[in-house]
Amino acid sequence: MNTIIGLIIIAIGSLGQSSSYVPINKVKNWSWECFWLIQGIFAWLLFPLLGALIALPSGVSLFDVWGSAGEGVWKAVGFGVLWGIGGLTFGLSMRYLGIALGQSLALGTCSAFGTLIPAILKGTDLFTGDGLILLIGVSIAIAGIAIIGYAGALKSQNMSEEEKRKAVKDFALKKGILIALLAGVMSACFNLGLEAGAPIKARLLELGASELLALNPVIILVTLGGFITNACYCLFQNYKNKTFKDYTSFSASNWVNNLLFCALAGLLWYSQFFGLGVGQSFFDPDGVMMAFSWSILMSLNVLFSNLWGIILKEWKGSGSKTITVLVIGLIVLIVSIIFPQVMK
């Protein structure tokens, strides 16, 4: 039962993340770099900081916890900087491919690297026991994501240039695929950052923190590193494109509108990792579900993002074959999520 509760919580957070890019359509008169920076302040600084603060036991500060973790703090931030490159290109992948295909390719790569590398570093034998279950589960997830990617390729073949542009304004298949793959590899560094910050979580539990929230002070370190990367890029793009004026040249109502939708996007985005930390607390710390939880989150993100792609009519104009392939891919993803539990 605990495993099911954990999965439900992770799924709720994943639904939030997959919905976080919908508010983009409500942001008015801002360039991409302006929106990305402002929503990043909410997604990678304010909400993670709030999450970290509510995780602290009475009388304990974040600096007390971080100070006892040694180099784990800097490793978490460092992996966050690398993850920031993935987060940045992640946004670009959806700009060129749309929510459905962009998230599918990026998250598929992220799922594999983010799940298997920590297991390998811990010395897990991927060819026997729980290690083999983990490897098969990730392989099934990658297969499902690859099938969805194939559906995206079929969609591209079946659509006219005008239809592509209507569904995704800046549609560019080859450029988008390359960016999505880079985004996936670098985005896997988020989970490596969480692993590097394990001493922080352990110390927090020693101080009496709730296990439900103990991952939050680690999450803020990784997102801080990611914010540094993204902020530097966005400010550079503001300078290059002369878009600093976007922040000040519009009415107060426009500012309030954009700020609210950026805050909503940031909150929804952060919910995936808040949910991951809470959901993991229901798993056996040394069990296969804990090791597989990153892949579960990524698979759910792909599943929900494609549902949003259907709602937003990104698949409009695709033939019946394309939709059939898409549905098969989604079913395979669902199988990958329940596979470790069935085999346990």
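If you're wondering where the values come from, they're calculated on a predicted model, not measured in any experiment. (Residues numbered from 1 in each chain as written. Predicted model: local features only at pLDDT ≥ 70, side-chain atom pairs only at ≥ 80, totals over all residues. Heavy atoms only, no water.)

> What is the right way to read the environment of glutamate 33 from this model?
With respect to the helices and strands, the residue glutamate 33 is situated in helix 2 (residues 32-54). Judged by relative accessible area, glutamate 33 falls into the buried class, the value being 6%. Taking C-alpha positions, glutamate 33 is 32 Å from glycine 144, a pair spaced 111 residues apart along the chain. Not counting residues up to four positions away in its chain, the partners in contact with glutamate 33 are Cys234, Gln237, Asn238, Asn241, Thr243 and Tyr247. Polar contacts involving the side chain of glutamate 33 include one to the side chain of asparagine 241, which spans 3.1 Å. (Helix = DSSP H or I, 4+ residues; strand = E, 2+ residues; numbered from the N terminus. Buried < 20%, exposed > 50% of the residue type's maximum accessible area, 1.4 Å probe, protein only. Contact = heavy atoms within 4.5 Å. Polar contact = N/O pair within 3.5 Å; in protein donor to acceptor, adjacent residues only side chain to side chain.)

> Can you walk me through the packing of aromatic side chains in this structure?
Any aromatic ring pair is given by two values, namely how distant the centres are and how the planes are angled relative to each other. Under the criterion given, the structure shown has 16 aromatic pairs. Where phenylalanine 273 meets tryptophan 294, the ring centres are 6.1 Å apart and the plane angle is 20°; that geometry is what we call stacked. Separated by 21 residues along the polypeptide, phenylalanine 273 in helix 11 (residues 252-280) and tryptophan 294 in helix 12 (residues 288-311) bring together distant segments of the chain. For the pair formed by phenylalanine 273 and tryptophan 294, the shared burial category is buried. An aromatic cluster of three or more residues is present, and its members are Trp32, Trp36, Trp44, Trp83, Phe190, Tyr233, Trp269, Phe273 and Trp294. (Phe/Tyr/Trp six-rings, centres within 6.5 Å; stacked < 30°, edge-to-face > 60°.)

> I would appreciate a short explanation of the environment of isoleucine 145 in the present structure.
With respect to the helices and strands, isoleucine 145 occurs in helix 5 (residues 129-158). For isoleucine 145, a relative accessible area of 4% puts it in the buried group. Residues isoleucine 145 and tyrosine 21 lie 124 residues apart in sequence; the distance between their C-alpha atoms is 20 Å.

Function cannot be inferred from these measures alone, as they are strictly geometric.
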